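Overview (structure and organization)
One-letter residues, chain by chain:
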Amino acid sequence: MAALRAAGAALLRPRPGPAPAALGYHKKVVDHYENPRNVGSLDRNAKNVGTGLVGAPACGDVMKLQVEVDENGKIVDARFKTFGCGSAIASSSLATEWVKGKTVDEALKIKNTDIAKELCLPPVKLHCSMLAEDAIKAALADYKLKQESNRESDKKADNA
């Protein structure tokens, strides 16, 4: 048992070797990976919260991005949870920073190419920025769907 514990502890120790930046990650990716912004969740049942969940089967990355929108249509908060590589986490983190303060329509204009350019992603990691764009679109589509449901409910209540 002690040998098993020692072996497990050895697996948890940082391995010697190059730092993430030395592995080809740009310092902006490393910054967002080591200090991710807006990690967490919002209340997915709230009427003013949209949730997008997207994944890339090819690499196994999964990204959940949520936005909270005020009564004027402005995004006041954004959160993410991502299971994936450093570039996927950095793309999610940057996306939440960029959508905050924007209107829904402005946020829909954020493109994966903008995210990739800002983070200096290499071509092999462009799918991470595509996931972030897809997550933004999915979260905003969910928000809009909830708003349509609210309007339908309000109409039914007015007609009753």
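Our structure's up above, just so we're on the same page.
All values derive from a computational prediction rather than experimental measurement.

1. Brief notes about a nonpolar patch on the surface
The grouping of Leu53, Val62 and Phe83 at the surface amounts to a nonpolar patch, some 340 Å² of accessible area in total. Considering the arrangement of structural elements, one finds Val62 in strand E2 (residues 61–69).

2. Considerations on the side chain of His32
Tracing the backbone through its elements, the reader meets His32 in helix H2 (residues 27–34). Those residues in contact with His32 that lie beyond four places of it in its chain are Arg37, Ile89, Ala90, Ser93, Leu94, Glu97 and Leu119.

3. Details of the pairing of E2
Burial analysis of E2 places 7 of its 9 residues in the buried class, which makes it a mostly covered element. In this structure, strand E1 (residues 49–56) lies alongside E2, joined through 8 bridges in antiparallel fashion. Bridge pairing links Gly52 to Leu65 in E2. Adjacent in sequence and paired antiparallel, E1 and E2 are bridged by 4 residues, among which Gly60 carries a positive phi angle near 90°. In this sheet, strand E3 (residues 75–83) lies alongside E2 in antiparallel orientation, the contact comprising 8 bridges. Bridge assignment links Val69 to a residue of E3, and that residue is Ile75. If you look at the hairpin formed by E2 and E3, you'll find 5 residues sitting between the two strands, and Gly73 has a positive phi there, around 85°.

4. Focus on the environment of Leu108
For Leu108, the position within the fold is in the loop between helix H4 (104–107) and helix H5 (112–119). Here Leu108 falls in the partly exposed class, since its relative accessible area comes to 26%. Sequence spacing of Leu108 and Leu140 is 32 residues, and the spatial spacing of their C-alpha atoms is 7.8 Å. Residue contacts for Leu108: discarding those within four places in its chain leaves Lys137, Leu140 and Lys144.

5. Details of the packing of helix H3 (residues 86–99) against H5
Remark: H3 packs on H5, axes separated minimally by 10 Å, with the N-to-C direction vectors making an angle of 110°. Between H3 and H5, the angle is such that the two are roughly perpendicular. Pair H3 / H5 crosses with right-handed handedness. Across from Ala90, Ser91, Leu94 and Trp98 in H3, the residues of H5 making contact are Asp114, Ile115, Glu118 and Leu119. The residue makeup of the contact of H3 with H5, split by class, is 5 nonpolar, 1 polar and 2 charged.

Each value, and the rule that gives it
- Residues numbered from 1 in each chain as written.
- Predicted model: local features only at pLDDT ≥ 70, side-chain atom pairs only at ≥ 80, totals over all residues.
- Heavy atoms only, no water.
- Patch = residues over 30% accessible without salt bridge, like charges linked within 9 Å, V, L, I, M, F, W, Y side chains within 5 Å.
- Areas by Shrake-Rupley, 256 points an atom, 1.4 Å probe, with all protein chains shown as cover.
- Salt bridge = Lys/Arg side-chain N within 4 Å of Asp/Glu carboxyl O.
- Helix = DSSP H or I, 4+ residues; strand = E, 2+ residues; numbered from the N terminus.
- Contact = heavy atoms within 4.5 Å.
- Buried < 20%, exposed > 50% of the residue type's maximum accessible area, 1.4 Å probe, protein only.
- Pairing = 2+ DSSP bridges.
- Axes fitted to C-alpha atoms, helices over the stretch in contact; angles between N-to-C directions.
- Parallel < 35°, antiparallel > 145°, perpendicular 65-115°, else oblique.
- Left-handed = near helix turned anticlockwise from the far one by under 90°.
- Nonpolar A, V, L, I, M, F, W, Y, C, P; charged D, E, K, R; others polar.

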